[in-house]
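# Survey of secondary and tertiary structure
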Amino acid sequence: MKMIEAYIDGTNVKPLENYTFNPNQKVFITIPSSDDEYFLQQDKEHRQNQFKALEQLSTLFDKNEVSAIEESFNAGIKFKN
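Here's what I pulled together on the structure shown here. Residues take numbers from 1 onward in each chain, read along the sequence in its written order. Totals for whole chains, interfaces and linings use every residue, but because this is a predicted model, local features are given only for residues with pLDDT of at least 70 and side-chain atom pairs only at 80 or more, for both listing and counting. Side-chain descriptors were evaluated using all non-hydrogen atoms of the structure, hydrogens and water having been removed beforehand.

With that settled, the discussion passes to the environment of Glu5. For the purposes of this entry, the term helix denotes a DSSP run of H or I that reaches at least four residues, the term strand denotes a run of E that reaches at least two, and both are numbered from the N terminus. With respect to the helices and strands, the residue Glu5 is situated in the segment before strand 1 (6–8). For the pair formed by Glu5 and Thr30, sequence separation is 25 residues and the distance between their alpha carbons is 9.9 Å.

Laid out in structure tokens, this is it:
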């Protein structure tokens, strides 16, 4: 399973990254609420910086802990500051 950000115009899904869909491919769509900062955040550079910081911190964790953190981010879990 892969999680991507996209917009839907009511009919067509428009991914924000290159992704090739198969014909009649099943997808799961999550519609964020207006107060859900994580999904509404448009600043891709900010997210990339967060992942870079996580990569730097990952040297402090063992492989299982790193995998758990990556899965959490991929699932959309937001850690509080």
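Turning to a nonpolar patch on the surface, a few remarks are in order. Residues with no salt bridge and a relative accessible area higher than 30% make up the patches, which join like charges within 9 Å and nonpolar side chains (Val, Leu, Ile, Met, Phe, Trp, Tyr) within 5 Å. Each accessible area value is a Shrake-Rupley result obtained with a 1.4 Å probe; residue values ignore everything except the protein chains displayed when judging cover. In what follows, salt bridge is the name for a side-chain nitrogen of Lys or Arg lying within 4 Å of a carboxyl oxygen of Asp or Glu. On the surface, Ile8, Val13, Tyr19, Phe21, Val27, Ile29 and Ile31 cluster together into a nonpolar patch covering about 660 Å² of accessible area. The topology assignment puts Val27 in the loop between strand 2 (13–15) and helix 1 (37–40). On the accessibility criterion, Val27 (40% relative accessible area) is partly exposed. Relative accessibility decides the category of a residue: with a 1.4 Å probe and only protein chains considered, values under 20% of the type maximum give buried, values over 50% give exposed, and everything between is partly exposed.

A rise of 1.5 Å per residue sets the reference length of helix 3 (residues 63–75), with its 13 residues, at 18 Å; its end C-alpha atoms lie 18 Å apart and thus fit the reference within 8%. Every buried residue belonging to helix 3 is among Val66, Ile69, Ser72 and Phe73, and all of these are buried. Projected onto a plane normal to the axis of helix 3, the buried residues spread over an arc of 125° and lie on a single side. Facing away from the buried surface of helix 3 by more than 90 degrees, the exposed residues are Lys63, Asn64, Glu71 and Ala75. Within 3.5 Å is the distance limit for a polar contact, defined as a pair of N or O atoms, with the added protein rule that one can donate a hydrogen and the other accept it, and that residues adjacent in sequence qualify only through two side-chain atoms. For helix 3, the side-chain oxygen to backbone nitrogen distance between the N-cap and Asn64 is 3.0 Å, and the N-cap itself is Asp62. Trailing helix 3 by a residue or two, Gly76 shows a phi angle of about 90°, which is positive. Residue count minus one, scaled by 1.5 Å, sets the expected span of a helix. This arc is taken over the directions from the axis of the helix to the C-beta atoms.

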